[in-house]
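# Residue-level structure breakdown
The chain contents come next:
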Amino acid sequence: ADCRYTCHQECRHLIQLDCRQPGQCQSHLSPESTLLPPCSQNVTQTVEEEKPEPPTIQEIKQKIEKYNAKVTNCLLMKLNDDGTYTGFIKVHLKLRRPVTVPAGIRPQSIYDALKEVNLADMTDKRTSFYLPLDAIKQLHISSTTTVSEVIQGLLKKFMVVDNPQKFALFKEMRKDGQVLFQKLPLTEYPLYLRLLAGPDTDVLSFVLKENETGEVEWDAFSIPELQNFLMILDKEEKDKIQQVQRKYEKFKQRLQQTLKEARGKPG
């Protein structure tokens with residue numbers, strides 16, 4: 001507050017000042033030479049980023065009207081009375097690895113869809129299957145539908161029983177002749193991104209891909225190698241269980257010994 005130390009807002013939480021002589025350097029700095037206004041002495045407090053205000057219903061209505069004016073097909077967005085809206089998104093499936101699906105299950109019928117019948121629950125038999133490369137699936141979703149729900153909905157439509165965490169939704173953008181991919185957080189709302197970008201899929205499109213960890217390319221190993229990995233992991237798991245059991249067995253013995261010794265003492 002006295003020396004008006006100047007720093008970037010992003011660096012503020014890294015700065016620690018020890019102003020033992022207030023007013024010592026006030027004469028060397030003018031108010032115009034500082035980027036931050038006078039503040040309290042607790043300069044180590046992290047500055048929280050201001051979150052943009054959510055759009056109003058009127059703003060959403062204007063964006064939807066602008067969006068629908070550019071639509072060349074019947075896939076329009078519709079605004080509801082409560083401020084939510086519904087629309088369509090297309091998701092490209094670019095999966096390089098096979099997915100796990102139920103074996104011997106007939107395709108889903110309209111009756112199954114209306115009754116929300118999960119055909120995958122009808123059998124425990126599983127088989128591996130390669131989805132067609134770059135297949136496109138169209139989804140009718142709401143503005144409250146999250147990325148996580150979109151992934152689960154896609155897997156359900158294709159009767160994929162793999163863990164949804166194995167997959168991730170990306171947004172694909174084209175800029176300066178380059179194709180850019182960005183992984184979307186599970187709490188993001190794809191329909192809002194579609195609304196902002198407009199209906200042109202060349203500007204923005206959605207892609208379902210494997211959720212790469214960047215650690216191990218498991219598909220580069222053969223089946224026998226993977227089976228050996230499983231055997232090693234199983235052995236390590238059993239060793240770890242035995243270590244924990246021995247630890248608590250020793251603790252149990254010491255506790256019983258202490259209780260036995262305490263019975264022979266008064267009080």
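Residues numbered from 1 in each chain as written. Predicted model: local features only at pLDDT ≥ 70, side-chain atom pairs only at ≥ 80, totals over all residues. Heavy atoms only, no water.

## Thoughts on the overall build of the protein
- The helix and strand inventory of the protein stands at 5 helices and 8 strands.
- Evaluated residue by residue, the protein yields a buried proportion of 24% over its 267 residues.
- Long-range pairs, those at least 24 residues apart, make up 68% of the contacts in the protein between residues at least 6 apart in sequence.
- With an accessible surface of roughly 20,200 Å², the protein has 53% of that area assigned to carbon and sulfur atoms. (Helix = DSSP H or I, 4+ residues; strand = E, 2+ residues; numbered from the N terminus. Buried < 20%, exposed > 50% of the residue type's maximum accessible area, 1.4 Å probe, protein only. Contact = heavy atoms within 4.5 Å. Areas by Shrake-Rupley, 256 points an atom, 1.4 Å probe, with all protein chains shown as cover.)

## So, the packing of aromatic side chains
- Inspection of every chain in the model, using the stated rule, returns 0 aromatic pairs.
- Against the face of Phe170 rests Lys209, its NZ or CZ located 5.2 Å from the ring centre.
- For Lys209, the ring lying beneath its charged end belongs to Phe181, and the centroid distance is 4.5 Å. (Phe/Tyr/Trp six-rings, centres within 6.5 Å; stacked < 30°, edge-to-face > 60°. Lys NZ or Arg CZ within 6 Å of the ring centre and 35° of its normal.)

## Let's talk about unusual backbone geometry
- One non-glycine residue, Met159, lies in positive phi territory at about 55°.
- Along the chain, Met159 turns up in the loop between α3 (147-157) and β6 (167-175).

## Some words on the pairing of strand β2 (residues 85-93)
- Of all 9 residues in β2, 7 are buried; the element is thus mostly enclosed.
- As judged from the 2 bridges shared by strand β1 (residues 78-79) and β2, these two strands associate in the antiparallel manner. Considered in β2, the bridge of Leu79 is made with Tyr85.
- Between β1 and β2, which pair antiparallel in sequence order, lie 5 residues; one of them, Gly83, sits at a positive phi of approximately 95°.
- Direction of pairing for β2 relative to strand β5 (residues 135-142): antiparallel, over a ladder of 8 bridges. Residue pairing for β5: Thr86 is matched across the bridge by Ser142. (Pairing = 2+ DSSP bridges.)

## Some remarks on α3
- The complete set of buried residues in α3 reads Val147, Val150, Ile151, Leu154 and Leu155. Mapping the buried residues of α3 onto a view down its axis gives an arc of 130°, with all of them on the same face.
- Where the residues of α3 are buried, they touch β2, β5, β6, α4 (190-197) and β8 (205-210).
- Following α3 by one or two positions, Met159 has its phi on the positive side, about 55°. (Arc of directions from axis to C-beta.)

## As for the side chain of Ser142
- Turning to its location among the elements, Ser142 is positioned in strand β5.
- For Ser142, a relative accessible area of 18% corresponds to the buried category.
- Sequence-distant contacts of Ser142, that is, excluding residues within four places in its chain, are made with Tyr85, Thr86 and Leu191.

## What to know about the pattern of salt bridges
- Enumeration according to the criterion identifies 5 salt bridges in this entry.
- One salt bridge in this structure joins Lys166 and Asp162, with 3.8 Å as the shortest N-O distance.
- Three or more residues are tied together by salt bridges with common partners; here these are Lys94, Glu172 and Arg174. (Salt bridge = Lys/Arg side-chain N within 4 Å of Asp/Glu carboxyl O.)

All we've got here are geometric facts, nothing functional implied.
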